[in-house]
Amino acid sequence: MTTSENDEAPRTAEGLTKGEQADSDVFDYALEIAVARGWKLFPCHSITRGECTCSKGADCPHAGKHPRTLNGVKDASADQETIAMWREIYPDANWALACGAGSGVMVVDVDRRGGIDGFDSLDLLALERGGLEALTGGGGLHVFVAYEAGFKNHNPLLPGIDFKTDGGYVILPPSRHKSGSSYQWHTLNEPVSVSPELRGYLTRPKEPALSRQGASLMDPVPEGGRNDALIRNLGIWRRKLDDDRPAVEHLAWGWGRSVGLDDQEIARTIESAWRLPHVDLAISWPLASPEEVDQFERMVGERLIRHRVEREAKQRFEIESRPEAPGFDVATLGEVLARADESAWRIDRLMPADASTLVVAQHKTGKTTLMLNLVRSLLTGSAFLGELDVDPVEQKVAMLNHEVSGGQIAQWADEAGVPHDRFLLVNLRDRRNPFAHADDRAALAAHLRDAGVETLIVDPFGRAFSGQNQDSASEVGAWLATLDEFARADVGARDVILTAHAGWEGERTRGSTALNDWPDAIWTMTKNERSGERHFKADGRDVSLDKSPLEWHEGRQLKLLDADARRSQAVFVTQTRMQQEILAVVKESPGCSRRGIEKCVGGNSAQLRQAIDSLVKLGWIEDKGTKAGSQFFAVDRPTGSEGITTPTDPPKMMYG
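Being a predicted model, the structure only gives us computed values, none of them experimental. (Residues numbered from 1 in each chain as written. Predicted model: local features only at pLDDT ≥ 70, side-chain atom pairs only at ≥ 80, totals over all residues. Heavy atoms only, no water.)

A. Layout of the overall build of the protein. Scanning the protein for helices and strands turns up 20 helices and 26 strands. Intrachain contacts of the protein at a sequence separation of at least 6 include 67% that bridge at least 24 residues. Here the protein displays about 34400 Å² of accessible surface, and carbon together with sulfur accounts for 49% of that area. (Helix = DSSP H or I, 4+ residues; strand = E, 2+ residues; numbered from the N terminus. Contact = heavy atoms within 4.5 Å. Areas by Shrake-Rupley, 256 points an atom, 1.4 Å probe, with all protein chains shown as cover.)

Following this line, the structure appears as structure tokens:
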């Protein structure tokens, strides 16, 4: 039976008194209201002589509210035969409604307990009253709301209010309450709609669980702790209501008056609590009085001032300690080009001025010797590698030596002719890495700046690197940024040279590619393991030096072969390769013609003819041809002939 089927005024539960609950007709009528609406119901334990009918009896924490069926709310049914069967099996059962889509309703569950009055919170939801409502046996209220998808259960939604939807349930009239009263229908109209205010609270982000102090507010409040409890309660409400001050004050006035605080105390407590800097503090800190709040604020203010002073002092100290550096260089193109006193090169075609240079070297190629040759040229102005012009430094060169013992590198530097008074060695082998310690780095930078270091060499990257992973682009990039700041901003150096060991291919650095993205110029030093020959090349911004042989002279002097010698060397290499290939062809195909050799070997015809003629002249092959054409045969030469140790050695080049 529903209200819409009557022309009379809306039915109420005024006639459903405790005495009348004994009348089975009245009992059936109260339950039939739910059955007739097609709601999904299920039986729960009831109350007999003030105790739960379950085995726990008086000790049951959920007396009269927990299911009798095995699966509880999941067993709920709208089938009238099933409900009738349950009524026969459990004649004294309390009855529960499975809220949500199956029943088409949701429930706002209002409660009064421990000084918390849910009816104050109910006003905040602005729900239409007089729809379908039931009075609970404990003095609360159930407001039935038309179902909408997308909402979740909230326990609690607001102080003194729970919200039930899919998966939740509430006890229905005419069930019995442990207080001795029964649930009763209050108004019997249709469920009300979701108000905008209720929707707003239901869609707020889920908040963290409240502290124990917050939960304990549901217990009775002793007279001496009412101010303390109100302050903590205000913290909880501010948190739940997103600092909606009118809504929070509405709850605070209702709660404060309910526990006996006068209006002056409530107003003063609200003002004090609202000055708290963080809502969580009101939940987790048991304040005793508004005076303590004021004291707390004073202490926080004093500590805040101290922190501000410390931060400002630190910033000023950093500014005072910052090394001097030239200001911005802003000029027109013409003005920059007119600076005749500034060279674009530190080393002609090899190292730009004010540049970062990466030196990549294979293991045991003479990297340290190359660096000492560089130091000598930078300090004395002598041609680097015997050929390249240098713009010498005016002050000093420093090397952070992480690899060789101090005594060893000093001896090598002396042998290389490095001036004793302008080369600064920082020997770090088996010592603390300054790039891993800010204080050490600052102290070293100050020392090098005071010494007037103009060029800084770091040898090698692998040991100077202070990160965890040399293959990490982010770690290597961050370290290189630290190196630049250290060398240029802190030390004041113009040139930065970083050495690194090559990988297996011999011409690429080990580790992250970020290392190769950093420099203005890359020098590469390699060594032929079979012949022992060393080669040097350079690439970069306006830097290009083809791979060239290095000669090792007395006194650790390294020199590039001159241009004529490099060309001769290139010709020699080409001719030697051709001679080896020609000899192999002739041995494989005795009697082959010149055309056959050219076809097999390929390459420049003139160079090929010269190589064939030189082999004939040296006696390694013999031409037994006729006027019709040449026929070449390999000669089985005795060991030691013409300085060649074995018949299989490559023939020596003979310039003709």
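B. Representation of the sheet that holds strand β5 (residues 105-110) within the structure. In space, the six strands of this open sheet follow the order β10-β11-β5-β9-β8-β13, with antiparallel pairing throughout. Strand pairing shows two members of the sheet lacking a second neighbour, β10 (154-158) and β13 (184-188), which therefore form its edges. When strand polarity is set aside, the average angle formed by the axes of neighbouring strands in this sheet is 25°. (Pairing = 2+ DSSP bridges. Axes fitted to C-alpha atoms, helices over the stretch in contact; angles between N-to-C directions.)

C. Local environment of the confidence of the model for the protein. Scored by pLDDT, the protein has a mean of 80; 80% of the residues are at 70 or more. A low-confidence stretch, residues 639-656 stays under pLDDT 50, and its non-local contacts, those more than four residues away or across chains, total 31 contacts. (pLDDT = per-residue confidence, 0-100.)

D. Geometry of the pattern of salt bridges. In total, this model carries 19 salt bridges according to the counting rule given. Taking the shortest distance from any N to any O, the salt bridge between Arg494 and Asp354 comes out at 2.6 Å. In this pair, Arg494 sits in the loop between α16 (473-491) and β20 (495-501) while Asp354 sits in the loop between β15 (351-352) and β16 (356-361), placing the two residues 140 residues apart along the sequence. With a relative accessible area of 32%, Arg494 lands in the partly exposed category. The shortest N-O distance in the salt bridge between Glu403 and Lys367 comes to 3.0 Å. Placement of Glu403 in the loop between β17 (396-401) and α13 (406-415) and of Lys367 in helix α12 (residues 367-380) is noted, with a sequence separation of 36 residues between them. Since its relative accessible area comes to 7%, Lys367 is described here as buried. Connected through shared salt-bridge partners, Arg346, Asp354, Glu454, Arg494 and Asp495 make up one network. (Salt bridge = Lys/Arg side-chain N within 4 Å of Asp/Glu carboxyl O. Buried < 20%, exposed > 50% of the residue type's maximum accessible area, 1.4 Å probe, protein only.)

E. Representation of the packing of aromatic side chains within the structure. Applying the stated criterion across every chain, the model contains 11 aromatic pairs. Summarising the aromatic geometry, the rings of Trp39 and Phe144 are spaced 5.3 Å apart at their centres and angled 20° between planes, so their arrangement reads as stacked. With a gap of 105 residues between them, Trp39 in the loop between α1 (24-36) and β1 (41-44) and Phe144 in strand β9 (residues 141-146) connect regions that are remote in the sequence. A residue is classified by how much of its surface remains accessible, and Phe144, at 0% relative accessible area, is buried. With 5.7 Å between their ring centres and 40° between their planes, Phe144 and Trp185 make a pair best called tilted. A residue pair is termed long-range when its members are at least 10 positions apart, and Phe144 in strand β9 and Trp185 in strand β13 qualify at 41 residues. Per residue, the accessibility class of Phe144 equals that of Trp185, and both read buried. These aromatic residues form a ring-pair network of at least three members: Phe435, Phe461, Phe465, Trp479 and Phe486. Geometry around Phe633 places Lys624 over its ring, the cationic atom sitting 5.2 Å from the centre. (Phe/Tyr/Trp six-rings, centres within 6.5 Å; stacked < 30°, edge-to-face > 60°. Lys NZ or Arg CZ within 6 Å of the ring centre and 35° of its normal.)

F. Inspection of the side chain of Glu403 at higher detail. For Glu403, a relative accessible area of 18% puts it in the buried group. In this structure the side chain of Glu403 is engaged in a polar contact, spanning 3.0 Å, whose partner is the side chain of Lys367. Here the side chain of Glu403 touches His501 through a polar contact of 2.8 Å, side chain to side chain. If we ignore the near neighbours within four places in the chain, the residues touching Glu403 are Lys367, Arg429, Asp459, Pro460, Arg463 and His501. (Polar contact = N/O pair within 3.5 Å; in protein donor to acceptor, adjacent residues only side chain to side chain.)

G. A look at the sheet that holds strand β4 (residues 94-98). Overall, antiparallel pairing links the three strands, which are arranged β1-β4-β12 in an open sheet. Looking at the sheet topology across the chains shown, the edges are occupied by β1 and β12 (169-172). Here the strands of the sheet are splayed against their neighbours by 35° on average, with no regard to which way each runs. One ladder, built from four bridges, connects β4 with β12; its direction is antiparallel. Its bridge partner lying in β12, Leu97 is registered against Val170.

H. Local environment of the pairing of β17. Counting buried residues along β17, five of its six residues qualify, which places the element largely inside the surrounding structure. The pairing of β17 with strand β19 (residues 453-459) spans six bridges and is classified as parallel. Opposite Leu400, over in β19, you have Val458 as the bridge partner. Of the pairings in the sheet, the one linking β17 to strand β18 (residues 423-427) comprises five bridges and is parallel in character. Bridging from a neighbouring strand, Val397 pairs with Phe423 of β18. Between the parallel pair β17 and β18, the chain is carried across by α13, and the sense of this crossover is right-handed. (Right-handed = clockwise from strand over helix to strand, strands pointing away.)

I. Seen up close, the packing of helix α6 (residues 226-240) against helix α7 (residues 245-258). Contact geometry for α6 and α7: axes closest at 10 Å, N-to-C directions at 155°. Looking at the two axes, α6 sits roughly antiparallel to α7. Considering the relative orientation of α6 and α7, their crossing is right-handed. Contacts from Arg226, Ala229, Leu230, Asn233, Leu234, Trp237 and Arg238 of α6 reach α7 at Val248, Leu251, Ala252 and Trp255. Of the residues assigned to the contact of α6 with α7, the class counts are eight nonpolar, one polar and two charged. (Parallel < 35°, antiparallel > 145°, perpendicular 65-115°, else oblique. Left-handed = near helix turned anticlockwise from the far one by under 90°. Nonpolar A, V, L, I, M, F, W, Y, C, P; charged D, E, K, R; others polar.)

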